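# Report on the structure
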Amino acid sequence: MESNCWNCGASAPERFCADCKALQPPPADYFVFFGLPAQLSLDGKELEKQFYALSRQLHPDIFARKSQREREYSLEATAVLNDGFRVLRDPIQRAMYVLKKQGLDIGEQGTRDVPPELLEEVFDLNMALEEMKFGDEEARTQILGARERFEGMCKEIDGELKKLFAAWDAGHDAEVLTEIRGLLNRRKYITNLIKQTETA
Amino acid sequence: MSQMFQIEFDNVPEERIVGIDLGTTNSLVAHMTLGSPRVLEGHDGKIVPSVVSLGDNGGFIIGNAARQELIDHPERSIYSVKRLMGRGVDDVQEELKLFPFRIAEGSESVIQVMLGDRKMTPPEISALILRQLKLNAEEALGGPVTRAVITVPAYFNDAQRQATRDAGRIAGLEVLRLVNEPTAAALAYGLDKRKEGIVAVYDMGGGTFDISILKLHDGIFEVLATNGDTHLGGDDIDNLLIRIALEDVQSEWGEDISHVGEAVQTLRQAVIRAKEELSFVPVTSIEFAWHGKSYKRELTRELFENLIRGIVDRTLGPCRDCMKDAGVTPEQIDEVVLVGGSTRIPLVRSAVEVLFRAKPHTELNPDEVVALGAAVQAGILAGTVENQLLLDVTPLSLGIETYGGVVTKIIHRNSTIPASASETFTTAVDGQSNVLIHVLQGERELVKDNRSLARFDLKGIAPMPAGFARIEVRFLIDANGILNVMARDARTGNEQSVEVKPSYGLTDEQVEAMIEASIDHAEEDLNARQAAEARVDADTILIALERAKKNAAYGELSEEERQAISAAVIQLQAVYNSTDHLLIREKVEALNQATMSLAEAQMNTAVRSALKGTHIDAER
Ligand SMILES: [Zn+2]
């Protein structure tokens, strides 16, 4: 990030230059952008309030009559604002964002390895899905049952995550983050299974 | 006091940014005047039918006048061209069965339509409609109009939006913003007076259907979700009725007229009349006469509703999906707004009422509400409307092709725009200097089931072993819903060149060429008109002179004077058919001078009057 205002050269400009009021290029980090501490637990109401307030300040509509350069920064800033709001308001996406920032990216797909404790469940589900294809109606109840179990697991994970989020925020303990990553991977795997049951 | 004055003064210099509803059937232009939006009128009313016809002299006829041409010269007229915007030949096979578009041979990714023997792309045809609206606005506002906000169906994809923006450019308009039609309608209703609430906008126009659900928050109109069908509208109802009438005619007359363009056009107007009447009366008839034969069929509202129920029901699925995506139940919806002429149909209104469990707003004219909203948005951009802000979403997910013909979504549908995503690409082969990225729009898993947007060629990558290059590509959907792509070499930070190959649409060069061509034509058109006006003046004086020659006063002229007049006449006749209006006017003026002495010398007021073009008998 530039340390001087692009327009008048004043030092240490914030979102807008204190001297000439010109819009500055936005910071890329979502937490920095929203002026929020980089925490995993976050007040959704406060975030939304910030989102609306910043929209009123930064939206391209407001910069329609400004210079080309300010129009570009407005577009950039609003993109970061909207992208950031989408990510930060969702606890799971927010956690993945923090992991990525800490170099613990779990990637788009997550792991493809079946968690060992789910091996049997996954095997049974695949069987049932196969039977469904051949018109076995009994398999349907089996699949619905599986879905209920998976949804239960997700809820359980979310509860654990909440505790871990608070733990990370309190001490930024790297081990906690690794634990969170493990849970997020497991969660991702389970939500994929739920999706499979929905296609049936 | 001076403070008050200051505020008022700030609001007075209204920029002439207009709002345009470029509709499938009708188009309108509106402007924010002294704090409220109004539709601007042309010579023949507010509505410019979206019809274009190529005239005998090679000029274009647009709007109301073109509607008659649609019947007289269907082979060189076109309507509903919006259906072709941003689409390829493969996309429109269904429309071709129902609409008399004459697609030029060799059309592929950009359709070319035949108007007579002239080949034109849909953006060029739309540009003619826009130019008419621009002219109407310039006359109404008393000055040049060069900037506009244009509305598009919310469910328009990138190619359709680009085509609309291209049309604006070709028409000589800087398109400051493309606004989604349902969102514009919400703006027009000024629903911001309600501080908080959820609003559904149901928009059924001539050719497209859109549903949007918005959350109001202190002047912010935040779209939560949008859905729709770009192939569903009032035209479908017309086509249904036409099909039935054609079958009747076939059995009654023993004649198949479904391929006779003029007959089908006449019939289309007849069924539209019947359809519109049924919104007000319980029974009407479709009446149609052709080459001495006539057809009449009674149509009750009940039968009509049974016929169109399927079409109306097709709008309900997108509405339910939209509520699901927005995370709202029908009970949570506070207000419903109806947009588009088709929402005048009582069955549509009752279906909407049942679905959303709320009585829809109908205070504003559904034909005008979108243009009015576009004018409000223009006012926001001009700075004359304050404290209102529109936060819209992208209707379709954006993805890139990955290994095995699968699409990886990078920006999900219903994301607030502007929205962006970054991806890093590398090379697969040693020394590879290009990487091709295929970008798609749609919700499906496989490439073949989505809409190809464009291929972006990252060019001039420095030779490196495979996998070493790191090109960071940023995909950004702007506030118009249009994709912008930027790339940089992540190692050096240098900008990386990207060549865009749009899958369906004009390249920048093609648009530039069309702008050039339209300016050329504009000059041609202007020249032709000025020459024609000069000829009218020439006729006036020549006729007056012929009359004056019969007057006794002419005989009293000297030989030189008569010769001077004859010489001036010959010179005028010699340039009469010239395209140079200045030359014609010069000779008209010369003849005027030559006859002046005649008039003055004789002091004959009758001759004078005759030379001015007044009827000579009246003076006696
Ligand atoms: Zn400054």
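Residues numbered from 1 in each chain as written. Chains lettered and ligands numbered in written order. Predicted model: local features only at pLDDT ≥ 70, side-chain atom pairs only at ≥ 80, totals over all residues. Heavy atoms only, no water.

### Some remarks on the pairing of strand β17 (residues 335-339) of chain B
All names here are of chain B. Where we set the bar: Between buried and exposed lies partly exposed: a residue is buried under 20% and exposed over 50% of the maximum accessible area for its type, with that area taken using a 1.4 Å probe on protein chains only. Secondary structure counts use DSSP, requiring at least four H or I residues in a row for a helix and at least two E residues in a row for a strand, with both numbered from the N terminus. By the convention used here, strands pair only if DSSP detects at least 2 bridges between them.
Of all five residues that make up β17, five are buried, and the element is covered over most of its length. Burial along β17 is two-sided: the face carrying E335, V337 and V339 and the face carrying V336 and L338 are both buried. Looking at chain direction, strand β12 (residues 196-204) and β17 are connected through five bridges and run parallel. Bridging across to β17, D203 finds its partner in V339.

### Some details on the coordination of the zinc ion
Around a metal, the ideal angle is 109.5 degrees if four donors adopt a tetrahedral arrangement and 90 or 180 degrees if six donors adopt an octahedral arrangement. Residues and elements named next belong to chain A. Put simply, the rule reads: Here the term donor refers to an N, O or S atom within 2.8 Å of the metal (or 3.2 Å for Na, K and Ca), and because water is left out of the atoms, sites may appear incomplete. In this scheme the shape depends on donor count and angles: four donors with every angle between 85 and 135 degrees give tetrahedral, four or six donors with opposite pairs above 155 degrees and others between 65 and 115 give square planar or octahedral in turn, and any other case is irregular.
Those donors, C5 (SG), C8 (SG), C17 (SG) and C20 (SG), are the protein atoms that reach the zinc ion, and they lie 2.3 to 2.4 Å from it. Each of the four donor atoms bound to the zinc ion contributes to angles spanning 106 to 115 degrees, and the resulting shape is tetrahedral. Within one chain, the residues serving as donors to the zinc ion are arranged as C-x2-C-x8-C-x2-C.

### Observations concerning the pattern of salt bridges
Defined as follows: A pair is scored as a salt bridge if a Lys or Arg side-chain nitrogen falls within 4 Å of a carboxyl oxygen belonging to Asp or Glu.
Applying the stated rule across the entire model yields 34 salt bridges over all chains. In this structure, the salt-bridge partner of E48 of chain A is K45 of chain A, at a minimum N-O distance of 3.8 Å. With E48 of chain A and K45 of chain A both in helix α2 (residues 44-58), this residue pair falls three residues apart, about one helical turn. Of the residues examined, K45 of chain A reaches a relative accessible area of 62% and is grouped as exposed. Between D229 of chain B and R314 of chain B there is a salt bridge whose closest N-O contact spans 3.5 Å. Taken together, the positions of D229 of chain B in strand β14 (residues 220-229) and R314 of chain B in the loop between α9 (301-313) and α10 (316-326) put the pair 85 residues apart, joining distant regions of the chain.

### Notes on the interface of chain B and chain A
So the rule is basically this: In what follows, residue pairs with any heavy atoms lying within 4.5 Å of each other are defined as contacts. Joining two parts hides part of their accessible area as seen by a 1.4 Å probe, and the buried area is that hidden amount summed over both. Whenever a nitrogen or oxygen atom comes within 3.5 Å of another N or O atom, the pair is scored as a polar contact, on the condition that within protein one atom can donate a hydrogen and the other can accept it, and that pairs from neighbouring residues in sequence are kept only if both atoms are in side chains. As a working rule, the residues Ala, Val, Leu, Ile, Met, Phe, Trp, Tyr, Cys and Pro are called nonpolar, Asp, Glu, Lys and Arg charged, and the rest polar, with Gly in that last group.
If you look at the interface, chain B gives 26 residues, while chain A gives 18 residues. Summed over both partners, the interface of chain B with chain A buries about 1900 Å², with 52% contributed by carbon and sulfur atoms. The largest contributions to the chain B side of the interface with chain A come from L381, L389 and P418 of chain B, which together make up 25% of the buried area. Taken together, the links from chain B to chain A amount to three salt bridges. The salt bridge partner of E76 of chain A is R474 of chain B, with a shortest N-O separation of 2.7 Å. At the junction of chain B with chain A, the criterion picks out 13 residue pairs in polar contact (both at pLDDT 80 or more). Looking at the side of chain B that touches chain A element by element, the count peaks at four residues for helix α12 (residues 369-382) of chain B. In terms of residue class, the side of chain B that touches chain A is made up of twelve nonpolar, seven polar and seven charged.

### Comments concerning the sheet that holds strand β23 (residues 451-459) of chain B
Residues and elements named next belong to chain B. Condition: For every element, the axis is a line fit to its C-alpha atoms; helices are fit only across the contacting stretch, and the angle between N-to-C directions ranges from 0 to 180 degrees.
An order of β20-β19-β22-β23-β26 is seen for the five strands of this open sheet, with the pairing classed as antiparallel. Every interior strand has two partners, whereas the edge strands, β20 (406-411) and β26 (497-502), have only one. If you compare each strand with its neighbour and ignore which way they point, the axes differ by 30 degrees on average. Two strands pair when backbone bridges link them, and strand β22 (residues 435-441) and β23 are joined in this way by seven bridges, in the antiparallel orientation. Counterpart to I437 in the pairing with β23 is F456.

### Things to note about the confidence of the model for chain B
All names here are of chain B. Spelled out, the test is: Each residue gets a pLDDT score, which is the predictor's confidence in that residue and runs from 0 to 100.
Mean pLDDT for chain B: 86, with 91% of residues reaching 70 or above. A low-confidence stretch, residues 1-13 stays under pLDDT 50, and its non-local contacts, those more than four residues away or across chains, total zero contacts. Long-range and interchain partners of residues 614-620, a stretch whose pLDDT sits below 50, account for ten contacts in this model, where long-range means more than four residues apart. Model confidence for the complex is summarised by a pTM of 0.82, with the ipTM given as 0.90.

### Describing the packing of helix α6 (residues 181-188) of chain B against α12 of chain B
Residues and elements named next belong to chain B. The test is simple: When an angle is under 35 degrees it counts as roughly parallel; over 145 it counts as roughly antiparallel; between 65 and 115 it counts as roughly perpendicular; any other value is oblique.
It is the contact of α6 with α12, at a shortest axis distance of 7 Å, that shows an interaxial angle of 80 degrees. The pairing of α6 with α12 is recorded here as roughly perpendicular in orientation. Mapping the contact onto sequence places E181, A184, A185, L187 and A188 in α6 and V369, V370, L372, G373, A374, V376, Q377 and I380 in α12. Classifying every residue of the contact of α6 with α12 gives ten nonpolar, two polar and one charged.

### Some details on α9 of chain B
Residues and elements named next belong to chain B. Operational definition: Helix span, as expected, comes to 1.5 Å for every residue beyond the first. Note on bend: the value at a residue is the angle between axes fitted to the seven residues ending there and to the seven starting there.
The terminal C-alpha atoms of α9, which comprises 13 residues, lie 17 Å apart, in line with the 18 Å expected from a rise of 1.5 Å per residue. Within α9, the axis deviates most sharply at L307, by approximately 45 degrees. Buried within α9 we find F304, E305, I308, I311 and V312. On its buried face, α9 is in contact with β12, α7 (234-253), α8 (261-277), β16 (293-300), α10 and α11 (346-356).

### Description of the sheet that holds strand β21 (residues 419-425) of chain B
Read from one edge to the other, the open sheet built from three strands follows the order β21-β24-β25 (chain B), with strand pairing classed as antiparallel. A single partner strand is all that each edge strand has here, and the edge strands are β21 and β25 (483-489) of chain B. If you compare each strand with its neighbour and ignore which way they point, the axes differ by 20 degrees on average. Contacts from helix α3 (residues 68-89) of chain A reach β21 and β24 (471-477) of chain B, with the element oriented near 90 degrees to β24 of chain B.

### Focus on the domain arrangement of chain A
Residue and element names in this part refer to chain A. Formally: Domains are outlined according to an automatic or database domain assignment.
Partitioning chain A into structural domains gives domain 1 (1-89) and domain 2 (116-197). Here the C-alpha centroids of domain 1 and domain 2 sit 37 Å apart. Taken residue by residue, the interface counts four residues in domain 1 and six residues in domain 2. Taken over both partners, the interface formed by domain 1 and domain 2 buries close to 390 Å², and the fraction arising from carbon and sulfur atoms is 54%. Ranking the residues of domain 1 by area buried against domain 2 places Q39, L40 and S41 at the top, with a combined share of 88%.

### What about the environment of K324 of chain B?
As for its position among the elements, K324 of chain B is in helix α10. Here the alpha-carbon distance between K324 of chain B and A225 of chain B, two residues 99 residues apart in the chain, equals 8.8 Å.

### Remarks on the packing of aromatic side chains
All names here are of chain A. The cut-off we apply is this: Classification of ring pairs rests on two measures: the distance between centres of Phe, Tyr or Trp rings, Trp counted by its six-membered ring, which must be within 6.5 Å, and the angle between planes, read as stacked under 30 degrees, edge-to-face over 60 and tilted in between.
Evaluated as defined, the whole model comprises eight aromatic pairs over all chains. Centroid distance Y30 to Y97: 4.5 Å. Interplanar angle 20 degrees. Geometry classified as stacked. Here Y30, found in helix α1 (residues 30-34), pairs with Y97, found in helix α4 (residues 91-101); they are 67 residues apart in sequence, far enough to count as distant. In this structure Y97 comes out as buried when scored by relative accessible area, which is 13%. Ring plane angle 40 degrees and centroid distance 6.2 Å describe the contact between F31 and Y97, whose orientation is recorded as tilted. You can see F31 sitting in helix α1 and its partner Y97 sitting in helix α4, a full 66 residues away along the chain. You can call F31 buried: its relative accessible area is 4%.

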